[in-house]
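Architecture at a glance
Listed below, chain by chain, are the residues.
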Amino acid sequence: MPKKFLRRILPNQDSIRKYSVSRRFAGRLDIPDIWQVQCGKIAAGLAVGVFCGMVPGPLQMISAVALTLLLRVNLPMALIGTFLTNPLTIVPIYMLAYAIGQSMLGSTDWRELPALPVADWTAPTQAIENWVVWVSDLGTPWLLGMLVLASALAALSYCVMQVIWRSYQYLMMRRRLHQRQQRLKISEQKFPHSVL
């Protein structure tokens with residue numbers, strides 16, 4: 001990934017001070033390591049975000065920020081990584097985690113999930129309570145599956161980001177080499193070397 005591109009699109013320390021919501025945390029986030037745009041920090045930040053994105057409930061970003069501060073990886077990529085789980089992907093991911101957990105525990109019938117809760121969002125506390133009960137009914141297989149799936153996806157995202165970054169660097173190096181060879185070829189045509 002190009003550093004210039006990521007520096008342009010990712011928020012930085014100055015940009016978080018612009019918003020009143022994040023301004024009060026700016027002092028705690030005044031750590032240069034968590035804003036660095038380097039291959040290892042970007043990849044590790046994404047992995048942290050993907051791992052924390054598997055945390056159920058509203059704790060995803062909070063846990064991503066906490067792990068980012070602890071591990072000193074790129075904070076913006078960690079926050080971006082938490083968006084792996086979103087309203088479109090959460091149910092398939094949770095079902096996959098349940099299936100992984102059931103298969104690891106030796107169950108053959110992993111397709112039977114507890115009935116989905118009826119969520120009347122006009123009463124949000126009741127709806128949230130219904131979802132918490134549903135998640136708790138999933139139990140040990142789901143928790144085990146989430147741990148395994150979160151670890152696997154975090155490792156995969158780390159490796160993919162490393163491959164993308166290094167592939168881009170390799171392609172840019174080849175491009176610069178080709179351009180340098182073209183310039184040398186043109187200069188040799190304009191100014192041929194004299195033979196002694």
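Predicted model only: the values in this text are computed from it and were never measured.

1. Re helix α8 (residues 124-190)
- Between the first and last C-alpha of α8 there are merely 76 Å, a value that for 67 residues lags more than 12% behind the 99 Å anticipated at 1.5 Å per step.
- Its axis deflected by about 90 degrees at Gly-139, α8 carries its strongest bend there, up to four residues before the proline Pro-141.

2. A short note on the packing of aromatic side chains
- For the structure shown, the criterion picks out one aromatic pair.
- Measuring from ring centre to ring centre gives 5.0 Å for Tyr-94 and Trp-142, while their planes differ by 70 degrees; the resulting arrangement is edge-to-face. Here Trp-142 lies in helix α8 and Tyr-94 lies in helix α7 (residues 90-104), a separation of 48 residues in the sequence. Trp-142 carries the same exposure label as Tyr-94, and that label is buried.

3. So, unusual backbone geometry
- Phi angles above zero are rare outside glycine, and Arg-72 is one such case at about 60 degrees.
- Along the chain, Arg-72 turns up in the loop between α5 (60-71) and α6 (75-81).
- Among the residues examined, Arg-72 registers a relative accessible area of 34% and is labelled partly exposed.

4. Quick look at a nonpolar patch on the surface
- Taken together, the side chains of Trp-121, Ile-128 and Val-132 define a hydrophobic patch exposed on the protein surface, amounting to about 330 Å² of accessible area.
- Residue placement: Ile-128 occurs in helix α8.
- Assessed through its relative accessible area of 48%, Ile-128 is described here as partly exposed.

5. Considering the packing of α7 against α8
- With their axes 7 Å apart at the nearest point, α7 and α8 run at an angle of 80 degrees to one another. On the basis of their axis angle, the class for α7 and α8 is roughly perpendicular. Of the residues in α8, those in contact with Ile-93, Tyr-94, Leu-96, Ala-97, Tyr-98, Ile-100, Gly-101, Gln-102 and Met-104 of α7 are Trp-134, Leu-138, Pro-141, Trp-142, Leu-144, Gly-145, Met-146, Val-148 and Leu-149.
- Grouping the amino acids of the contact of α7 with α8 by side-chain chemistry returns 15 nonpolar, three polar and no charged.

6. A word on the layout of surface pockets
- When its volume is computed, the largest pocket comes out at roughly 610 Å³.
- The wall of the largest pocket is formed by 16 residues, among which Pro-56, Gly-57, Ile-90, Tyr-94 and Trp-131 lie closest to the centre.
- For the lining of the largest pocket, the secondary structure elements donating two or more residues are α7 and α8.
- Broken down by element, the residue count for the lining of the largest pocket peaks at five residues, all from α8.
- Taken together, the residues that form the lining of the largest pocket break down as 12 nonpolar, four polar and no charged.

7. What about the packing of helix α4 (residues 39-53) against α5?
- Direction vectors running N to C along α4 and α5 enclose 145 degrees, while the axes themselves pass 9 Å from each other. Like other packed secondary-structure pairs, α4 and α5 cross with a definite hand, here right-handed. Residues Val-48, Cys-52 and Gly-53 of α4 touch α5, and the partners they reach there are Gln-60, Ser-63, Ala-64, Leu-67, Thr-68 and Leu-71.
- By residue class, the composition of the contact of α4 with α5 is five nonpolar, four polar and no charged.

What counts as what
- Once a new chain begins, its residue numbering starts again from 1 and follows that chain's sequence as written.
- The predicted origin of the model limits local features to residues at a pLDDT of at least 70 and limits the giving and counting of side-chain atom pairs to 80 or more, whereas totals for whole chains, interfaces and linings rest on all residues.
- Side-chain descriptors were evaluated using all non-hydrogen atoms of the structure, hydrogens and water having been removed beforehand.
- Helix and strand labels come from DSSP, where a helix needs a run of H or I of at least four residues and a strand needs a run of E of at least two; each type is numbered from the N terminus.
- Here the expected span of a helix is defined as 1.5 Å times the quantity of residues minus one.
- Bend at a given residue is defined as the angle between two axes, one fitted to the seven residues that end at that position and one fitted to the seven that begin there.
- What counts as a ring pair is set by centres within 6.5 Å for rings of Phe, Tyr and Trp (its six-membered ring), and what kind of pair is set by the plane angle: stacked under 30 degrees, edge-to-face over 60, tilted for all other angles.
- Here's how the labels work: a residue is buried when its accessible area is under 20% of the maximum for its type, exposed when over 50%, partly exposed in between, all with a 1.4 Å probe on protein chains only.
- For patch building, the residue pool is restricted to those with more than 30% relative accessible area and no salt bridge; the joining distance is 9 Å between like charges and 5 Å between nonpolar side chains (Val, Leu, Ile, Met, Phe, Trp, Tyr).
- Here the Shrake-Rupley method, with its probe set to 1.4 Å, supplies the accessible areas, and only the displayed protein chains count as covering residues.
- Salt bridges are counted wherever a side-chain nitrogen of Lys or Arg sits within 4 Å of a carboxyl oxygen of Asp or Glu.
- Axis definition: a line fitted to C-alpha atoms, limited for helices to the stretch in contact. Angles are taken between N-to-C directions and run from 0 to 180 degrees.
- Any angle that falls under 35 degrees is termed roughly parallel, while one over 145 is termed roughly antiparallel, one within 65 to 115 roughly perpendicular, and all others oblique.
- Whether two residues are in contact is decided by their heavy atoms, any of which lying within 4.5 Å being enough.
- Under the scheme applied, nonpolar residues are Ala, Val, Leu, Ile, Met, Phe, Trp, Tyr, Cys and Pro; charged residues are Asp, Glu, Lys and Arg; polar residues are all the others, including Gly.
- Only protein atoms enter the 1 Å grid used here, on which a cavity is any set of points holding a 1.4 Å probe that cannot leave and a pocket is any open set flanked by protein within 12 Å on both sides along at least five of seven lines; residues with an atom within 4 Å of a point are listed as lining.
- Grid points are joined across faces, edges and corners, and a volume is the space filled by probe spheres set on the points.
- For any helix crossing, the convention is left-handed if the near helix is rotated counterclockwise from the far helix by under a right angle, and right-handed if that rotation is clockwise.

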